[in-house]
Amino acid sequence: MRTARLRIAHPVLRAGWAALAAGAVLCVIGWYGVSGERHTARQLPYLASCSIPGAALIVAGAVLLARGRDALAATRAEEPAAGGPAGPDDPGRTAGGPVAVSAETLMVPGGTLWHRADCPLVAGKAEAVPVDGKLIASGELGPCPVCEPADGSG
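## Some thoughts on a nonpolar patch on the surface
So, point 1. A surface patch of nonpolar side chains, about 280 Å² in accessible area, is lined by L44, L47 and I52.
So, point 2. Positionally, I52 belongs in helix α2 (residues 40–78).

## Re the nonpolar core
Soluble globular proteins tend to pack their nonpolar side chains together in the buried interior.
So, point 1. Within the largest apolar cluster, six residues are counted, these being L106, C119, V122, A128, C144 and C147.
So, point 2. Look past the residues within four positions of A128 in its chain and what remains in contact with it is L106, M107 and V122.

## Regarding the environment of A123
So, point 1. Tracing the backbone shows A123 in the loop between β2 (113–116) and β3 (129–130).
So, point 2. For A123 and L106, which are 17 residues apart along the polypeptide, the C-alpha to C-alpha distance reads 9.4 Å.
So, point 3. When sequence neighbours within four positions are dropped, the list of residues in contact with A123 reads A117 and D118.

## Focus: the environment of A56
So, point 1. Looking at the secondary structure, you find A56 in helix α2.
So, point 2. In this structure the C-alpha to C-alpha distance between A56 and G23, which are 33 residues apart in sequence, comes to 7.2 Å.

## Structural notes on the sheet that holds strand β4 (residues 142–143)
So, point 1. If you trace the four strands from one edge of the open sheet to the other, you get β3-β1-β2-β4, paired in mixed fashion. Each edge of the open sheet is held by one strand with a lone partner, namely β3 and β4.
So, point 2. Relative to β2, strand β1 (residues 105–107) is paired through three bridges, and the arrangement is antiparallel. For T105, the partnering residue across the bridge sits in β2 and is R116.

## With respect to the confidence of the model for the protein
So, point 1. For the protein, per-residue confidence averages 75 on the pLDDT scale, and 71% of positions sit at 70 or higher.
So, point 2. Low pLDDT, under 50, characterises residues 81–96; the stretch is placed with 14 contacts to residues that sit more than four places away or in other chains.

## Quick notes on the state of the cysteines
So, point 1. Counted according to the given criterion, the structure contains zero disulfides.
So, point 2. With no disulfide of its own, C27 has C50 as its nearest cysteine by sulfur position, at a separation of 8.8 Å.
So, point 3. By relative accessible area, C27 is classed as partly exposed at 24%.
So, point 4. Judged by its relative accessible area of 10%, C50 falls in the buried class.

Basis of the calculations
- Throughout, a residue's number is its position along its own chain's written sequence, starting from 1.
- Local features in this predicted model are restricted to residues whose pLDDT is 70 or higher, and side-chain atom pairs enter the listing and the counts only when it is 80 or higher, whereas totals over whole chains, interfaces and linings include all residues.
- Where side-chain values are given, they derive from all heavy atoms of the structure, hydrogens and water being excluded.
- Surface patches are defined over residues having more than 30% relative accessible area and no salt bridge, joining like charges when they lie within 9 Å and nonpolar side chains (Val, Leu, Ile, Met, Phe, Trp, Tyr) when within 5 Å.
- Method for areas: the Shrake-Rupley scheme with a 1.4 Å probe, in which residue coverage is limited to the protein chains shown.
- We define a salt bridge as a side-chain nitrogen of Lys or Arg found within 4 Å of a carboxyl oxygen belonging to Asp or Glu.
- Secondary structure elements follow DSSP: runs of H or I of four or more residues count as helices, runs of E of two or more count as strands, with numbering from the N terminus.
- By nonpolar core we mean a set of buried residues, namely Ala, Val, Leu, Ile, Met, Phe, Trp, Tyr and Cys, connected to one another through side-chain atoms within 4.5 Å.
- For every residue, the accessible area obtained with a 1.4 Å probe (protein chains only) is divided by the maximum for its type, and the residue is called buried under 20%, exposed over 50%, and partly exposed between those limits.
- Contacts between residues were defined by any pair of non-hydrogen atoms, one from each residue, lying within 4.5 Å.
- Only strands joined by at least two bridges in the DSSP assignment are considered to pair.
- Every residue carries a pLDDT, the predictor's confidence in it, which falls somewhere between 0 and 100.
- Only a pair of cysteine sulfur atoms within 2.5 Å counts as a disulfide in this structure description.

Next comes the structure, spelled out in structure tokens:
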């Protein structure tokens, strides 16, 4: 999945930059043509043939760049924290499964989520404290979407 997105993202980014550059060149040519003409009737062909298509290419390039960067960000978010691919004996890294498997649950004071102790969002944080079951029961804390804790009984 990662390599497929990278294969898609890089050409999309290149196409976005190319469209931005072509649009900028067309806008400069259109501006130069318009600035050299005194009469409005003679300026319209430059607007129609250069400036308007140039502006459209700039917008298209911006959209392509945003799409390509979103694909790269999604690819980076899917990379395993350990740096290696999931193995069959690695229960925390199964496709679609939680990334943490600890039974102990933690929370960060002032946070809105509760996590497994080995969740990458709280692992190694000194301020993380055990979860009080009353907070989960009252609905003040929600389960972490990254580690998907089963319950707050810890």
